[in-house]
Amino acid sequence: MTFDPIDSLCSADFVKVEHLRALQLIRLQKIVRHAYDNVALFRSRMDERGVKPEHIKTLKDIALLPFFKKIDLRDTYPFGLFAVPQSKIVRLHASSGTTGKPIVVAYTQQDLDIWSEVMGRALAGAGLTRNDIIQVAYGYGLFTGGLGAHAGVEKIGATVVPASVGNTQRQVMLMRDFGVNGICCTPSYFLHLIEQANAAGIDMRELPIRVGIFGAEPWSQGMREQLESGGGIEAFDIYGLSEIIGPGVAVECTEHAGMHVFEDHFYPEIIDPDTGEVLPDGEFGELVLTTLSKYAMPMIRYRTRDLTRIITEPCKCGRTIRRIDRISARSDDMFIIRGVNVFPSQIESALLTVEGVTANYLIILTTENGMDNIELNVEVNENSFSDQVRELEALQKRIAAAVESVIGLRIRIKLVAPKTIARSEGKAKRVIDNRIK
Ligand code: DLL
């Protein structure tokens, strides 16, 4: 495989599909054998089903293999899924999650090389090259965002500014003084950076920054418009998760029509989350990923809980690796209000179609008279805030109607003053659940 940081494109993204499938099969057979021989849990689950590594004769045979879930990482905490001796492990990361113990993930040097390669491919696909200066404002540390993006920037030979999160005013100053061309951070944090720049009298649109690589949390088309118009940039969606490698599992190209999965390293499937049945390409369901080349901690048929679909139509960019659609939701983010299934991402998409609101919002769940209730707090922009009460009431109604048209429920909307909802530096917290359990 060639990877040329000068023209910044990787031949693996454009390889003939039949060659890609052949490579995937060889890698799948090898990784299943490796996992079976070295991880007790993989072996026992496969033995329970009577499946042996040699039963994998075609890519379709992946369906013979058992699924794995986050709970399996928790149950084997900290090192129970590692498949190589500690002497071969050069890095650990961990993800805290919302409940209980963190999950721990491991990398060999070769795994790290693959990670930097896929991140390099992601940045290159967004048009970044060695001539660019790229600020990494994902958190550095146990979170995979910072160090993952950092390695990708170095891989393409660009100049990395390892800013990490926090100290937002200083981040803006660095962007301006260093002439930063690209930034990697969560979309909600970039919105915060735009706001802080404005407060300091700096118009982000006039700075050299032209590309944002945003991920780690769901974001809508409306959010994209706010990020692009407020920052004067082109926004790219990047997806990944610690259990698989970190950022760099899939990313948008300049067509912005879904995220290309780096299929030579990660094998995607979509399943029905209720039955576990594999769904045909094009149908929405839960994304299941298998790592094809990660040796410290291979993952076989990992249920991500992320909902999307596989797009098979060829992309205009010419890449042959398939795409997944924007992650529309996580199955465990869903809540049920008055019998209706609601995802926070649906609320965001509806909200941001309304003029005069910002992408700063908070969904508050409560229990009232024994029933689950939902209130949406929305920050209005400075202009709307100075409006007459009558106009604010009309805005409230427009938001309620927009949300109702998407989720089918009339919910309570509370307008709050500009800059009153807490800003996040990493993943934004969109839901406060005060329901009585
Ligand atoms: O968030 C890795 C990452 C860092 C991805 C930086 C992209 C950029 P975790 O903390 O393990 O890893 O969280 C993974 O975040 O299962 C999704 O639910 C969500 N997620 C990540 N990227 C996106 C995205 C990192 N582009 C979990 N859109 C995943 C929607 C995303 N959700």
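Conventions used here
Residues numbered from 1 in each chain as written. Predicted model: local features only at pLDDT ≥ 70, side-chain atom pairs only at ≥ 80, totals over all residues. Heavy atoms only, no water. Domains from an automatic or database assignment. Contact = heavy atoms within 4.5 Å. Buried area = accessible area lost by both parts, 1.4 Å probe. Salt bridge = Lys/Arg side-chain N within 4 Å of Asp/Glu carboxyl O. Polar contact = N/O pair within 3.5 Å; in protein donor to acceptor, adjacent residues only side chain to side chain. Helix = DSSP H or I, 4+ residues; strand = E, 2+ residues; numbered from the N terminus. Near = heavy atom within 4 Å. Areas by Shrake-Rupley, 256 points an atom, 1.4 Å probe, with all protein chains shown as cover. Nonpolar A, V, L, I, M, F, W, Y, C, P; charged D, E, K, R; others polar. Expected span 1.5 Å × (residues − 1). Buried < 20%, exposed > 50% of the residue type's maximum accessible area, 1.4 Å probe, protein only. Pairing = 2+ DSSP bridges. Axes fitted to C-alpha atoms, helices over the stretch in contact; angles between N-to-C directions. Parallel < 35°, antiparallel > 145°, perpendicular 65-115°, else oblique. Left-handed = near helix turned anticlockwise from the far one by under 90°. Right-handed = clockwise from strand over helix to strand, strands pointing away.

Enquirer: Before we go on, may I ask you to explain the domain arrangement of the chain in this structure?
Expert: Interfaces are often sized by the accessible area lost when the parts come together. Partitioning the chain into domains gives domain 1 (1-332) and domain 2 (334-433). Contact with domain 1, which involves 24 residues of that partner, is made by 18 residues of domain 2. Both faces considered, domain 1 and domain 2 share a buried interface measuring about 1500 Å² in area, 52% of it formed by carbon and sulfur atoms. Looking only at domain 1, the three residues that lose the most surface to domain 2 are Glu-195, Ser-220 and Gln-226, adding up to 25% of its buried area. Here Arg-423 makes a salt bridge to Glu-195, at a shortest N to O gap of 2.8 Å. Between the two partners, domain 1 and domain 2, sit 10 residue pairs in polar contact (both at pLDDT 80 or more). No other element matches the 5 residues that helix α7 (residues 187-199) contributes to the side of domain 1 that touches domain 2.

Enquirer: Just to check I follow, could you spell out the side chain of Arg-224 for this structure?
Expert: Structurally, the position occupied by Arg-224 is in helix α8 (residues 221-231). Looking at Arg-224, its side chain comes within polar contact range of the side chain of His-256, at 3.4 Å. Not counting residues up to four positions away in its chain, the partners in contact with Arg-224 are Trp-219, Ala-235, Glu-252, His-256 and Arg-326.

Enquirer: How do you make sense of the site of the ligand when you look at a structure like this?
Expert: Surrounding the ligand, one finds 20 residues, the nearest of these being Asp-237, Ile-238, Ser-242, Asp-306 and Lys-427. One of the side-chain N or O atoms of Ser-242 is found 2.6 Å from an oxygen atom in the ligand. The separation between an oxygen atom of the ligand and a polar side-chain atom of Arg-330 is 3.0 Å. Coverage of the ligand by the protein chains reaches 94% of its 610 Å² of free accessible surface. When residues of the shell around the ligand are assigned to their parent elements, the largest contribution, 5 residues, is made by strand β9 (residues 234-241). By residue class, the composition of the shell around the ligand is 9 nonpolar, 5 polar and 6 charged.

Enquirer: Is there a simple way to think about α7 in this case?
Expert: Helical geometry note: an α-helix holds 3.6 residues per turn, so side chains three or four residues apart project in the same direction. Helix length check: α7 (13 residues) gives 19 Å between terminal C-alpha atoms against 18 Å at 1.5 Å per residue, within 8%. Within α7, 11 of the 13 residues are buried, which leaves the element mostly enclosed by the surrounding structure. Looking at α7, one finds that the buried residues are Pro-187, Ser-188, Tyr-189, Phe-190, Leu-191, His-192, Leu-193, Ile-194, Glu-195, Gln-196 and Ala-197. On its buried face, α7 sits against α6 (168-178), β7 (182-185), β8 (211-215), α8 and β20 (357-368).

Enquirer: Would you take a moment to explain the sheet that holds β20 for this structure?
Expert: The strands making up a sheet are joined through hydrogen bonds of the backbone, oriented either antiparallel or parallel. Strand order in the open sheet formed by 4 strands is β22-β21-β20-β23, with mixed pairing between adjacent strands. The outermost strands of the open sheet, each flanked by one partner alone, are β22 (412-416) and β23 (431-433). Strand-to-strand twist across the sheet, computed as the mean angle between neighbouring axes with direction ignored, equals 20°. Relative to strand β21 (residues 371-380), β20 runs antiparallel, the two sharing 9 bridges. When the sheet's bridge partners are listed, Tyr-361 is paired in β21 with Val-378. Across the sheet, helix α9 (residues 344-351) touches β20, β21 and β23, and the angle it forms with β20 is around 135°.

Enquirer: For this particular structure, what's the right way to read the sheet that holds strand β12 (residues 266-271)?
Expert: Read from one edge of the open sheet, 4 strands run β12-β13-β14-β17, paired in antiparallel fashion. Taken across any chain shown, the strands that pair with only one partner, and hence form the sheet edges, are β12 and β17 (329-330). Where strand β14 (residues 302-308) meets β17, 2 bridges bridge the pair, whose relative direction is antiparallel. Pairing of Leu-307 across the sheet is with Ala-329, part of β17.

Enquirer: Looking at this model, I keep getting lost on the packing of α9 against helix α11 (residues 389-407). Mind explaining?
Expert: A packed helix pair is summarised by two numbers, namely the angle formed by the two axes and the spacing between the axes. Between α9 and α11, the shortest axis-to-axis distance is 8 Å and the interhelical angle comes to 135°. What the angle tells us is that α9 and α11 run oblique. The way α9 lies across α11 gives a crossing that is right-handed. For the pair α9 and α11, contact is made by Gln-346, Ala-350 and Leu-351 and by Ile-399, Ala-402, Val-403, Val-406 and Ile-407, respectively. Residues that form the contact of α9 with α11 fall into these classes: 7 nonpolar, 1 polar and no charged.

Enquirer: I tried to follow the pairing of strand β5 (residues 133-136) on my own but got confused; where do I start?
Expert: Side-chain positions along a regular strand alternate between the two faces of the sheet. As paired elements, β5 and strand β6 (residues 159-161) share 3 bridges and run parallel to each other. Across the sheet, the residue bridging to Ile-133 is Thr-159, located in β6. Crossover handedness for the path β5 to helix α5 (residues 144-155) to β6: right-handed. With 3 bridges joining them, β5 and β7 adopt parallel strand pairing. What sits directly across from Gln-135, in β7, is Ile-183.

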